[in-house]
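Chain by chain, the residues:
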Amino acid sequence: ATGDKVKARYSFIYKFEDGQWKIAHHHSSMMPEAQLAASSGAPAPIPDAEVRSLFSLWNNALATLDPDEVAKRYSKAPCLLPTVSDVPRTDYDSIKAYFVDFLKKKPQGVILESYVTSGPDWCMDDGIYEFTMGATGDKVKARYSFVYTNEDGEWKIAHHHSSQMPEEVVAKASLPESAME
């Protein structure tokens, strides 16, 4: 057993026989959406665990400290809204330029919370991650969203938004008590 979940439609016909309800007829079939996607050549939705593993491809690219390797993880039409820049990055060159400076900090991330959504040729992983900056030992928590698209048989980052946690930007002491509940 793989643990995969399959959505299906079903029908049961029950018949009261010998003092008990018994199944007289049962039919079960895969949902037509999955069959239509399979027959159209569109890939099936990617399993949640595989979506989460796409982060490690990006994180491993960070570990190379090569901005070109990181920029290659993004799609042909990307949008990067980075943590430490107020400039949206929407092409290969601007994404690479952002990582030239960011990689000097030697960042390595770990996902703390992950929420996955997916479809036949896209998936999204959003949540909270934390970076340890190898150059200084500093830790930075941030909210993130990665939207991946399947490009030429490879999952690429089409949209990446990262923002520092508000609690780190605004001192907790200055927040009203109701905001911390």
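Shown above is the structure to which this text applies.
Residues numbered from 1 in each chain as written. Predicted model: local features only at pLDDT ≥ 70, side-chain atom pairs only at ≥ 80, totals over all residues. Heavy atoms only, no water.

1. Brief notes about the environment of P120
Looking at the element boundaries, P120 is found in the loop between β4 (107–118) and β5 (122–133). On the accessibility criterion, P120 (34% relative accessible area) is partly exposed. A sequence separation of 74 residues divides P120 from I46, and the C-alpha atoms of the two residues are 7.2 Å apart. (Helix = DSSP H or I, 4+ residues; strand = E, 2+ residues; numbered from the N terminus. Buried < 20%, exposed > 50% of the residue type's maximum accessible area, 1.4 Å probe, protein only.)

2. Thoughts on the packing of aromatic side chains
The description of two aromatic rings rests on the distance between their centres and on the angle between their planes. Per the counting criterion, the structure on display carries 18 aromatic pairs. Between W58 and Y129, the aromatic rings sit 6.5 Å apart at their centres with planes inclined by 10°, giving stacked as the arrangement. Here W58 is found in helix α2 (residues 48–63), whereas its partner Y129 is found in strand β5, with 71 residues between them in sequence. The pair W58 / Y129 is uniform in exposure class, with both members buried. Ring centres 5.0 Å apart and planes at 80° place the aromatic pair Y98 and F99 in the edge-to-face group. Grouping aromatic residues by their ring pairs yields a cluster made of F55, W58, Y74, Y98, F99, F102, Y129, F131, Y144, F146 and Y148. (Phe/Tyr/Trp six-rings, centres within 6.5 Å; stacked < 30°, edge-to-face > 60°.)

3. A look at the sheet that holds strand β3 (residues 74–81)
Strand order in this open sheet of 5 strands is β3-β7-β6-β5-β4, and the pairing throughout is mixed. Each of the sheet's edge strands pairs with one partner strand only, and the pair in question is β3 and β4. Sheet twist, expressed as the mean angle between neighbouring strand axes with direction ignored, is 20°. Note that β4 and β5 share 11 bridges and pair antiparallel. Note on β5: the bridge partner recorded for S114 is G127. Of the strands in this sheet, β3, β4, β5, β6 (139–151) and β7 (154–164) are in contact with α2, which crosses β4 at around 155°. Strands β3, β4 and β5 of the sheet are contacted by helix α4 (residues 92–102), whose axis makes an angle of about 50° with β3. (Pairing = 2+ DSSP bridges. Axes fitted to C-alpha atoms, helices over the stretch in contact; angles between N-to-C directions. Contact = heavy atoms within 4.5 Å.)

4. Topic: the pattern of salt bridges
Summed over all chains, the structure comprises 6 salt bridges. D101 is the salt-bridge partner of K104, the closest N and O atoms lying 3.5 Å from each other. By relative accessible area, K104 is classed as exposed at 58%. Three or more residues joined by partner-sharing salt bridges are found here, namely D68, E69 and K72. (Salt bridge = Lys/Arg side-chain N within 4 Å of Asp/Glu carboxyl O.)

5. Remarks on the nonpolar core
Among the nonpolar cores identified, the biggest contains 27 residues, and W58, V70, Y74, F99, Y129, F146 and Y148 are the most heavily contacted of them. Of all the secondary-structure elements, those providing two or more residues to this core are α2, α3 (67–71), β3, α4, β5, β6 and β7. Ranked by residues supplied to this core, first place goes to α2 with 6 residues. Dropping the residues within four chain positions of it, Y148 is found in contact with L54, F55, D121, W122, C123, D125, W155, K156, I157 and A158. (Core = buried A, V, L, I, M, F, W, Y, C linked by side-chain atoms within 4.5 Å.)

6. Re the layout of surface pockets
When its volume is computed, the second largest pocket comes out at roughly 250 Å³. Considering the residues around the second largest pocket, the lining is formed by 20 residues, among which T83, V84, F102, M133 and V140 are closest to the centre. Partitioning the lining of the second largest pocket into residue classes produces 13 nonpolar, 5 polar and 2 charged. (1 Å grid on protein atoms, 1.4 Å probe; cavity = no way out; pocket = protein on both sides within 12 Å on 5 of 7 lines; lining within 4 Å. Points joined across faces, edges and corners; volume = space filled by probe spheres on them. Nonpolar A, V, L, I, M, F, W, Y, C, P; charged D, E, K, R; others polar.)

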